[in-house]
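Topology and contacts: notes
What follows is the residue order along each chain.
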Amino acid sequence: VVRFFCLSCLSILFCSALFLPAVRADSVEDAARALARKVAPLLASHEHVRLSWQNDSLLSAGQSELLRRAFSADLMTSHISLSEDPAASELLVSLRETPAELLLIAAIPDAGDTRQIRMVQVPRSDIPGSDRSSSAFRLQRELLWQQAGPILAAAETQDSAKKQDLLLLLQHDSLALYRVEAERWLLQDSVTLEPFLRPSRDSSGQVLIQGEEAQVLVPGRICTVHLGTHLSLACRPGTPAWRENVLTLSSCDGAAVKFVPGSGDWSTPDHLQPAEDGSGTADSSGSRLDVAGPILSLSGEGNARGIAVVYNLSSGNYEVYRITLACGN
Amino acid sequence: MRCIASLSLAGTSLLVLGALAAEVLTPSAGAATRPRYGGTLRIELQTASVTFDPRRWQTGSAEAAAGEQLGALVLDRLVSLDNHGRFQPQLAIEWTHDAAFKRWQFTLRPGVKFAEGTPLTSAEVAAALQLVLPQTRQVLASGNAVVLQSAEPLPDLLEELASGRNFIFRVQADGSLAGTGPFVLDDPSKNAPSNPGVTGSRLSLRANEECWSGRPFLDAIQVTLGVPAARQLYDLQLGQADLVELPPDLFHHADDAHVRTWSSRPVELIALVLDGARPAVQDARLREALSFAIDRSTMAGVLLQKQAEPAAALLPGWLSGYAFLFPMETNIERAKELRAALPAGMLGTADPLRLGVDAAGDVARLLAERVAVNARQAGLNLQVLGRGTARTPSSAASNATPSPDVRLIRWRVSSLAPRDALDSLTTAFHVPEGSGAASSSDPEQLYQRERALLDTRFVIPLVYLPESVALGASVRDWIPSPWGEWHLEDVWLDRPATPAPPVPAPGSARQPSGGQGVHP
């Protein structure tokens with residue numbers, strides 16, 4: 001009697017899993033687990049199953065991987081072992097989008113050439129960092145400064161006491177500090193670099209803000225400048241350890257996204273794009289920012305905004321842009 | 001989108017600092033980067049007539065698509081769907097539903113007025129929805145809210161209300177419609193039911209100064225109807241139009257001429273519909289042979305110059321999500337086998353099956369002829385009839401002339417709810433449902449229903465087409481939705497404002513469809 005009861009229960013569970021409508025899940029990982037629970041009874045007859053996971057949505061690679069792990073882990077708890085064997089039956093899981101939903105679709109091998117299809121949906125608006133979709137995030141630029149003379153590098157910081165925005169401009173022969181007052185940039189102080197420099201055709205330069213100080217790197221010199229009301233500069237000879245010309249911004253989902261210039265050719269307009277290390281959605285048109293010339297320097301790390309210095313090929317001016325990352329609205 | 005626009009405006013204050021700094025310190029930075037008010041946007045359309053009245057739109061037709069596009073200028077919906085899958089408040093600012101998704105309540109935005117200044121009431125919203133939604137749904141006004149009750153669960157109601165004909169309007173005493181949208185029709189009688197639609201003339205719309213979502217940037221929009229596509233492109237290149245339609249055969253021409261273009265996701269299905277009432281197509285092997293014979297890749301890649309996608313499903317993948325599960329069934333050998341198994345003397349083997357072309361335009365005719373060629377390769381005989389011979393079974397019944405056995409149809413997606421879209425397709429073309437299929441918004445059941453529909457092969461998808469347009473260089477902030485809503489309320493023109501030319505009296509001006517000009 002007990003055996004009959006157990007078999008009946010199993011049958012009911014199996015059948016209910018077979019005929020469950022697509023589940024509207026509460027979170028994306030829940031959705032992956034719910035799909036696994038719908039799929040597991042259909043895989044019971046398969047000795048080996050090979051998972052083929054396709055992210056055809058605008059979820060990031062990282063988000064997709066999280067879902068794959070949640071799905072696989074849930075299958076394991078149902079004693080379904082996944083195999084890498086190419087000869088094993090293929091369980092295809094595809095992540096797709098509709099205008100309002102994310103669909104997780106599983107195609108389970110069936111007898112003959114047919115496949116059983118199971119789906120779970122979750123509202124796209126419930127996806128953390130769903131702004132990564134479509135244009136995942138948008139890079140925006142805002143012109144802060146332009147001038148005819150060369151700018152090697154720039155950095156933005158804030159006077160914490162006065163809550164004022166500060167802009168440091170590194171030129172061939174000087175370092176200037178500007179502050180915002182009445183919606184205008186006003187020169188606060190400027191120091192000359194000339195005593196420390198030899199004439200150079202090299203336009204390399206970096207300004208790295210470190211609290212109340214900044215490290216200024218120019219060819220052959222490493223300088224430290226205190227960012228007070230007046231700039232005080234100390235330089236020593238040395239070969240700077242140039243930082244990689246990258247910009248790291250906090251993305252909509254809190255993850256850091258690294259951006260790099262495109263061509264690196266100073267004769268053509270450039271663009272800023274996510275580095276190809278899986279941290280960004282390089283194919284998203286909104287995540288690429290075109291500029292009117294080569295990007296000479298980038299600064300900003302782990303912040304909501306950064307600074308890019310661009311040589312505008314059309315106007316011949318050097319331009320300083322504030323780069324921000326916009327999420328959705 | 002309007003919310004985005006208003007948020008953008010609010011957010012601009014944060015950008016003022018930098019922008020002002022740039023202006024003050026660098027006078028050479030003169031390029032217009034901020035929206036500018038003013039100007040008239042000139043649009044040209046191929047359709048010879050258009051109506052703003054959603055009740056009169058034949059869902060899926062080109063005329064309905066044009067009507068919906070222009071209707072969105074003068075009318076609003078309760079909600080909209082943004083490009084990131086989030087529903088945004090429009091005339092409704094809050095919505096709730098019960099656990100079964102059968103009862104929905106929408107709280108209305110306070111202070112909304114019709115263009116002529118009278119306030120929008122919940123009774124008017126309920127009345128409008130009752131006119132455009134299926135009769136099985138009851139819509140009631142309740143204070144400053146409307147309540148929608150249905151016997152069936154409606155989990156996809158928001159998608160439905162954010163698209164298609166589900167606009168809010170008031171029917172005036174003369175039958176014309178009043179709206180709350182960003183523009184106002186200069187001559188409201190043009191949307192009265194007594195008017196069969198605006199034909200062969202121009203429409204003028206002006207900015208609604210009191211629009212709840214803010215005055216649009218444009219002063220006016222002028223729409224010229226009945227302009228052939230080639231002429232439209234020519235006008236754009238001459239600077240006489242700002243927004244024109246771009247059919248697939250002109251896309252590369254525009255591209256070569258460095259004209260600014262934009263394409264939506266594939267929003268239009270071209271398919272064959274076999275008349276289930278005709279004995280000639282009752283043999284499943286004949287339908288299957290025809291489906292296997294069709295080379296959709298060549299149609300999309302060569303005939304339509306890669307401006308189309310081969311279609312194996314009815315709903316495009318961006319809408320259903322599951323379209324990739326349907327195989328592209330082109331197999332000429334299998335088609336020949338099936339043809340060989342057909343009884344001798346059957347229609348399509350000896351005497352031809354008649355293929356009618358429902359849709360206007362060269363593209364439809366081109367594809368119909370290609371279908372006939374593909375069918376012939378499998379040994380099937382198809383004769384392409386002229387346009388106007390492709391009547392629906394119901395209309396055929398009232399006419400002595402034999403109707404076609406197969407029709408080539410064009411159907412434009414108008415609903416963002418896949419269930420609603422599939423319902424309207426099967427209803428519009430009398431496509432027989434497959435066995436055991438029921439209308440449901442559940443994606444698994446929707447997939448099963450579509451599979452059953454396709455398995456009957458009374459409807460055979462061919463290709464999907466996007467909506468493409470060409471834009472003038474001065475059009476700014478062109479941010480349409482991927483599924484083709486233009487959002488002209490956010491567009492502005494980067495050119496000195498000029499007074500709109502006077503609207504000519506019918507017959508006194510250039511006849512748009514007369515083709516007096518030199519065609520490119």
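Anything mentioned here points back to the structure above.
Residues numbered from 1 in each chain as written. Chains lettered and ligands numbered in written order. Predicted model: local features only at pLDDT ≥ 70, side-chain atom pairs only at ≥ 80, totals over all residues. Heavy atoms only, no water.

**What about the overall build of chain A?**
Quick reminder of the rule: Helix and strand assignments follow DSSP, with helices taken as H or I runs no shorter than four residues and strands as E runs no shorter than two, numbered in order from the N terminus. Accessible area is worked out with a 1.4 Å probe on protein chains only. A residue is then buried under 20% of its type maximum, exposed over 50%, and partly exposed in between. Should any heavy atoms of two residues lie within 4.5 Å, those residues are considered in contact. For every accessible area listed, the method is Shrake-Rupley and the probe measures 1.4 Å; residues are considered covered only by the protein chains on display.
Within chain A, the secondary structure is distributed over 3 helices and 22 strands. The buried share of chain A, taken over its 329 residues, is 50%. The contacts of chain A with a sequence gap of at least 6 include a subset with a gap of at least 24, amounting to 51%. Here chain A displays about 15,500 Å² of accessible surface, and carbon together with sulfur accounts for 52% of that area.

**As for the overall build of chain B**
Along chain B, the regular secondary structure elements total 14 helices and 23 strands. For chain B, the residues scored as buried account for 55% of the 520 residues in total. Across chain B, every contact between residues at least 6 apart in sequence was considered, and the portion connecting residues at least 24 apart equals 71%. About 20,500 Å² of surface is accessible on chain B, with carbon and sulfur atoms providing 54% of the total.

**Remarks on the pattern of salt bridges**
Residue and element names in this part refer to chain B. We apply this condition: Within this document, salt bridges are pairs made up of a side-chain nitrogen of Lys or Arg and a carboxyl oxygen of Asp or Glu, the two lying within 4 Å of each other.
Scanning the model with the defined rule gives 39 salt bridges over all chains in all. Across the pair Arg412 and Glu467 runs a salt bridge, and its minimum N-O distance is 3.4 Å. You can see Arg412 sitting in strand β20 (residues 406-412) and its partner Glu467 sitting in strand β21 (residues 459-471), a full 55 residues away along the chain. Assessed through its relative accessible area of 15%, Arg412 is described here as buried. The class for Glu467 is buried, based on a relative accessible area of 13%. Here Arg419 and Asp423 are joined by a salt bridge, their closest N and O atoms 3.4 Å apart.

**Some points on the sheet that holds strand β8 (residues 145-150) of chain B**
Residues and elements named next belong to chain B. Put simply, the rule is: Whether two strands pair comes down to DSSP finding at least two bridges between them. Geometry is summarised by axes, namely lines fitted to C-alpha atoms with helices restricted to the contacting stretch, and by angles between N-to-C directions that run from 0 to 180 degrees.
Spatially, β5-β6-β8-β7 is the arrangement adopted by the 4 strands of the open sheet, whose pairing is antiparallel. On the outer flanks of this sheet lie β5 (92-97) and β7 (137-142), each paired with one strand and no other. Neighbouring strand axes in the sheet, compared pairwise and without regard to direction, differ in orientation by 20° on average. Sheet analysis places β5 next to strand β6 (residues 103-108), joined by 5 bridges and oriented antiparallel. Directly across from Glu94, in β6, lies its bridge partner Thr107. Contacts between helix α3 (residues 122-132) and the sheet are confined to β6, β7 and β8, with β7 contributing the most and set at about 170° to the helix.

**Comments concerning the nonpolar core**
Quick note on the threshold: Within this scheme, the nonpolar core is defined by two criteria: the residues are buried Ala, Val, Leu, Ile, Met, Phe, Trp, Tyr or Cys, and they are joined through side-chain atoms within 4.5 Å.
Among the nonpolar cores identified, the biggest contains 99 residues, and Leu41, Leu78, Ile221, Trp478 and Leu488 of chain B are the most heavily contacted of them. One finds Leu290, Ala300, Leu338 and Ile460 of chain B within the second-largest nonpolar core, a separate group that totals 40 residues.

**A word on the packing of aromatic side chains**
Residue and element names in this part refer to chain B. Put simply, the rule is: Centres within 6.5 Å make a pair out of two Phe, Tyr or Trp rings, where for Trp the six-membered ring is used; the pair is then stacked when the planes are under 30 degrees apart, edge-to-face when over 60, and tilted otherwise.
Per the stated rule, a full pass over the model turns up 13 aromatic pairs over all chains. With a centroid separation of 5.3 Å and 35° between ring planes, the pair formed by Phe326 and Tyr447 is classed as tilted. In this pair, Phe326 sits in the loop between α9 (317-320) and α10 (332-340) while Tyr447 sits in helix α14 (residues 443-456), placing the two residues 121 residues apart along the sequence. Residue Tyr447 is classed as buried on the basis of its relative accessible area of 4%. Residues Trp478 and Trp486 carry aromatic rings whose centres are separated by 6.4 Å and whose planes lie at 50° to one another, so their mutual orientation is tilted. The pair formed by Trp478 and Trp486 is uniform in burial state, with each residue classed as buried. A connected cluster of aromatic rings, assembled from ring pairs, spans Phe101, Trp104 and Phe106.

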